[in-house]
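Residue-level listing of the chains:
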Number of protein chains: 2
Amino acid sequence: MGQKGNLMTYRPDIMVLDATIRDGGLVNNFFFEDEFVRELYEANIKAGVDYMEFGYKASKDLFDPKEFGKWKFCDEEDIRAIVGENLTDVKIAVMADVGRTDYEKDIIDKKDSVIDMIRIATYVNTIPAAIEMVEYCHEKGYETSVNIMAISTASGRDIEQALELLCQSSVDVIYLVDSYGSLYPEQIRYFTELYVEAAEKHGKKIGIHAHNNQQMAFANTIEATAHGASYLDATMMGIGRGAGNCMVEALLGFLKNPKYRLVYVLRFVETYMLELKKKGITWGYDVPYLLTGLLNQHPRTAIDKIKADDTRYARYYTELWDREH
Amino acid sequence: MGQKGNLMTYRPDIMVLDATIRDGGLVNNFFFEDEFVRELYEANIKAGVDYMEFGYKASKDLFDPKEFGKWKFCDEEDIRAIVGENLTDVKIAVMADVGRTDYEKDIIDKKDSVIDMIRIATYVNTIPAAIEMVEYCHEKGYETSVNIMAISTASGRDIEQALELLCQSSVDVIYLVDSYGSLYPEQIRYFTELYVEAAEKHGKKIGIHAHNNQQMAFANTIEATAHGASYLDATMMGIGRGAGNCMVEALLGFLKNPKYRLVYVLRFVETYMLELKKKGITWGYDVPYLLTGLLNQHPRTAIDKIKADDTRYARYYTELWDREH
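Residues numbered from 1 in each chain as written. Chains lettered and ligands numbered in written order. Predicted model: local features only at pLDDT ≥ 70, side-chain atom pairs only at ≥ 80, totals over all residues. Heavy atoms only, no water.

What follows deals with the overall build of chain A. Counting its regular elements, chain A contains 13 helices and eight strands. Oriented by its inertia axes, the alpha-carbon framework of chain A measures out at about 55 × 45 × 45 Å. Across the 325 residues of chain A, 63% fall into the buried class. Considering only intrachain contacts with a sequence separation of at least 6, the fraction spanning at least 24 residues in chain A is 75%. By element, 47% of the accessible surface of chain A is carried by carbon and sulfur atoms, the whole surface being about 12700 Å². Side-chain charges in chain A split into 37 positive and 51 negative, and the spacing between the mean points of these groups amounts to 2 Å. (Helix = DSSP H or I, 4+ residues; strand = E, 2+ residues; numbered from the N terminus. Buried < 20%, exposed > 50% of the residue type's maximum accessible area, 1.4 Å probe, protein only. Contact = heavy atoms within 4.5 Å. Areas by Shrake-Rupley, 256 points an atom, 1.4 Å probe, with all protein chains shown as cover. Lys, Arg positive; Asp, Glu negative; His and termini not counted. Charge placed at Lys NZ, Arg CZ, Asp CG, Glu CD.)

Shown next as structure tokens:
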């Protein structure tokens, strides 16, 4: 396979997806101010970002709308209050989790919606349910992606079978998701090539969603890009659960397509992201995340340690190690 | 060339060098407490770190000893006050800058010193002076490295000529140094393979010293490792000028040689590195460093912005861009 593109040229097939509201919403339960979301939308338009993900289409039966901000549910009228008819080049995405979405009720015909893409998040063992959702959304007229989460804990054979099934479906984009931030660049290269090889002959695109537990989110994103991924997730200042994500500002700096305008991202970051930090919203690399990433575990215990300001790293490492055996 | 080693095995030729005091000294003018240095030394012994760099052998004629801590000068008796005769597996290194060291006066016979390795830092245009220092130190009985700084701003032909000259010298290790933290993993692969190809047939080793301006220090270090570098610089919690360095705790987590014991690094970090942070010593990734890294510039203006708490990133980016043209 080898490398696609080089550092001097750009690939017009690259799509940058801003997941600030969706992945950042996991930090603040989706309680973003309207001004924040509107300014983010404006910044993405000016910066040349290709997709903006507004949040989840979560089931109001399973999740109490009083406990979450509106971007957990992404009602059509809430998105329209920000984007109107969205007469711009930015496409609008939402995420729908397998088993946590009333998609037959909440996902309406594309002709009545400003949403362009439904991103279906699944573990490798719920691929058939994901494909049902893909076909439903595709029928309704949407672009779709399937984001296979936590591949670092799945077996190689399961991933290959998942790819085979997805390649027979109507899905447009298959995402490689390093949920635990545990993969190193050489593993990202391996997985990207596996995905690209399976998907290319079926006309599917490959995406990458990286986490920063080991400070690898940006590095892994550009490694996946060099090896054929074309849908690249990032968030402003890397906001996201735990250690967060690849930073939009780093990614746009790296990409050579002149349509991307970093300065508009920086303007948003210096005003709105720093304000979130001042309000005490915390995310980003820290030693406990390094340790869960290293041991390929969910970061939830690391989040607890950081909230409790428990910095006994050596003891925590020993605890994590015990949990493995 | 391709890859050396894989993620399941380990290469016994790997050497980890802890540069905490030397690169960290650039943050606090080398004013580390004796207890800090002694505990770091003990931690490195227990953790299986191969080399510990104590600081610079700077000229007392050019630098006023009243303005700097003692590790700017690394007098023999100051190192001995920490390590005694150093009857351990940790080797002791110091750095000597071309043009800033009175090496004929300050570097004594190896038989009278506990220092094992002299690391000579040079720009590509002062290689002949670096080689003079190499031959002097080699004659005195030391291991030597030459650390070619700022290769991201040097011409390819100059780097090739520097490598040719160094391969004819007595130097043991040639270091690839990404001073501005501006290189991406694919460039690191290119440079590492260039260095390895030149050096291998002369029995020289290759080292990597990465900076974290674009959050690439750890990623670039392991990429260089995978492509043949064997001397790997890191610092505790990544301390170092500006955005800092590759973190020892991340690197030891990655390496598979069972002689490395991460828990002792974590113990040091949670006690002594967090204490430095509490005292207000600042280092680590921040947006201004991303921008100087991206534009391949020295981080000094970014350090100024951060000291002044000037977060007008968009304006700063425009200023940096103007400076380029």
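With that out of the way, let us pick up the environment of Ala58 of chain A. Residues and elements named next belong to chain A. Structurally, the position occupied by Ala58 is in the loop between β2 (51-56) and α3 (76-83). A sequence separation of 13 residues divides Ala58 from Trp71, and the C-alpha atoms of the two residues are 9.1 Å apart. Apart from residues no more than four positions distant in its own chain, Ala58 is found in contact with Phe63, Lys72, Phe73, Arg100 and Asp106.

What follows is about the relation of the copies chain B and chain A. Superposition of chain B onto chain A requires a rotation of 180° combined with a translation of 0.0 Å along the rotation axis, giving an RMSD of 0.0 Å. Seen this way, the second copy is the image of the first under a two-fold rotation axis. Most of the interface of chain B is mirrored in chain A: 100% of its interface residues are interface residues there too. (Least-squares fit on C-alpha atoms with pLDDT ≥ 70 in both.)

So, about the state of the cysteines. Evaluated as defined, the whole model comprises zero disulfides over all chains. Looking at the unpaired Cys167 of chain B, the closest cysteine sulfur is the one in Cys137 of chain B, lying at 18 Å. You can call Cys167 of chain B buried: its relative accessible area is 7%. This cysteine, Cys246 of chain B, is not joined by any disulfide, and Cys246 of chain A carries the nearest cysteine sulfur, 19 Å off. (Disulfide = S-S within 2.5 Å.)

What follows is about the sheet that holds strand β8 (residues 231-234) of chain A. Residues and elements named next belong to chain A. What the eight strands build is a closed barrel, ordered β1-β2-β3-β4-β5-β6-β7-β8; its pairing is parallel. Within the sheet, the average angular offset between the axes of one strand and its neighbour, ignoring direction, is 25°. As defined by bridge partners, strand β4 (residues 117-122) adjoins strand β5 (residues 143-148) across six bridges and the pair is classed as parallel. Bridge assignment links Ile120 to a residue of β5, and that residue is Val146. (Pairing = 2+ DSSP bridges. Axes fitted to C-alpha atoms, helices over the stretch in contact; angles between N-to-C directions.)

All names here are of chain B. The eight strands lie next to each other as β1-β2-β3-β4-β5-β6-β7-β8, forming a closed barrel whose pairing is parallel. The mean inter-strand angle of the sheet, taken between neighbouring strand axes irrespective of direction, is 25°. Of the strand pairs in this sheet, strand β6 (residues 173-177) and strand β7 (residues 205-209) are connected by five bridges, and their pairing is parallel. For Val173, the partnering residue across the bridge sits in β7 and is Lys205. Packed on one face of the sheet, helix α1 (residues 20-28) meets β1 (15-18), β2 (51-56), β3 (91-97), β4 (117-122), β7 and β8 (231-234) and runs near 35° to β2. Contacting β1 and β2, helix α2 (residues 34-47) runs over the sheet at an angle of about 155° to β2.

Moving on, we get to the interface of chain B and chain A. It is common to give the size of an interface as the accessible area lost on bringing the parts into contact. Each partner contributes residues to the interface: chain B has 42 residues there, and chain A has 42 residues. Here chain B meets chain A over a buried area of about 3400 Å², counting both sides, of which 68% is carbon and sulfur. When the buried surface of chain B facing chain A is broken down by residue, Glu186, Gln215 and Leu266 of chain B rank first, second and third, together holding 16% of it. One can count two salt bridges joining chain B with chain A. Residues Arg189 of chain A and Glu223 of chain B are paired through a salt bridge, measuring 3.1 Å at the closest nitrogen-oxygen approach. At the boundary of chain B with chain A, the tally comes to eight residue pairs in polar contact (both at pLDDT 80 or more). Top element by residues in the side of chain B that touches chain A is helix α10 (residues 262-278) of chain B. It accounts for seven residues. (Buried area = accessible area lost by both parts, 1.4 Å probe. Salt bridge = Lys/Arg side-chain N within 4 Å of Asp/Glu carboxyl O. Polar contact = N/O pair within 3.5 Å; in protein donor to acceptor, adjacent residues only side chain to side chain.)

Enumeration over the complete set of coordinates arrives at 30 aromatic pairs over all chains. Look at Phe54 of chain B and Trp71 of chain B: their rings are 5.7 Å apart centre to centre, the planes differ by 55°, and that puts the pair in the tilted class. Here Phe54 of chain B, found in strand β2, pairs with Trp71 of chain B, found in the loop between β2 and α3 (76-83); they are 17 residues apart in sequence, far enough to count as distant. You can call Phe54 of chain B buried: its relative accessible area is 0%. Clustering of aromatic rings is evident, with ring pairs tying together Phe32, Phe36, Phe268 and Tyr272 of chain A. Here the basic side chain of Lys72 of chain A rests over the ring of Tyr56 of chain A, its NZ or CZ set 5.8 Å away from the ring centre. The ring of Tyr175 of chain A carries the charged tip of Arg119 of chain A above its face, separated from the ring centre by 4.8 Å. (Phe/Tyr/Trp six-rings, centres within 6.5 Å; stacked < 30°, edge-to-face > 60°. Lys NZ or Arg CZ within 6 Å of the ring centre and 35° of its normal.)

This part takes up the packing of helix α7 (residues 185-200) of chain A against helix α8 (residues 217-226) of chain A. Residue and element names in this part refer to chain A. Direction vectors running N to C along α7 and α8 enclose 35°, while the axes themselves pass 9 Å from each other. Between α7 and α8 the crossing geometry is right-handed. Facing α7, whose interface residues are Pro185, Ile188, Arg189 and Thr192, α8 presents Asn220, Glu223 and Ala224. (Left-handed = near helix turned anticlockwise from the far one by under 90°.)

Turning next to a negative patch on the surface. A surface patch of like charges, here negative, comprises Glu33, Glu35, Glu39 and Glu42 of chain A. Among the secondary structure elements, Glu42 of chain A is positioned in helix α2 (residues 34-47). (Patch = residues over 30% accessible without salt bridge, like charges linked within 9 Å, V, L, I, M, F, W, Y side chains within 5 Å.)

In this model, Asp309 of chain A sits at a positive phi of 55°, which is unusual for a non-glycine residue. As for its position among the elements, Asp309 of chain A is in the loop between α12 (300-307) and α13 (313-324). In this structure Asp309 of chain A comes out as exposed when scored by relative accessible area, which is 61%. Residue Met237 of chain B is not a glycine yet carries a positive backbone phi of 55°. Looking at the element boundaries, Met237 of chain B is found in the loop between β8 and α9 (248-254).

Where burial is concerned, most of helix α11 (residues 287-294) of chain A is hidden: eight out of the eight residues are buried. Turning to α11 of chain A, its buried residues are Val287, Pro288, Tyr289, Leu290, Leu291, Thr292, Gly293 and Leu294 of chain A.

Fair warning: the whole summary comes from geometry, so function is off the table for now.
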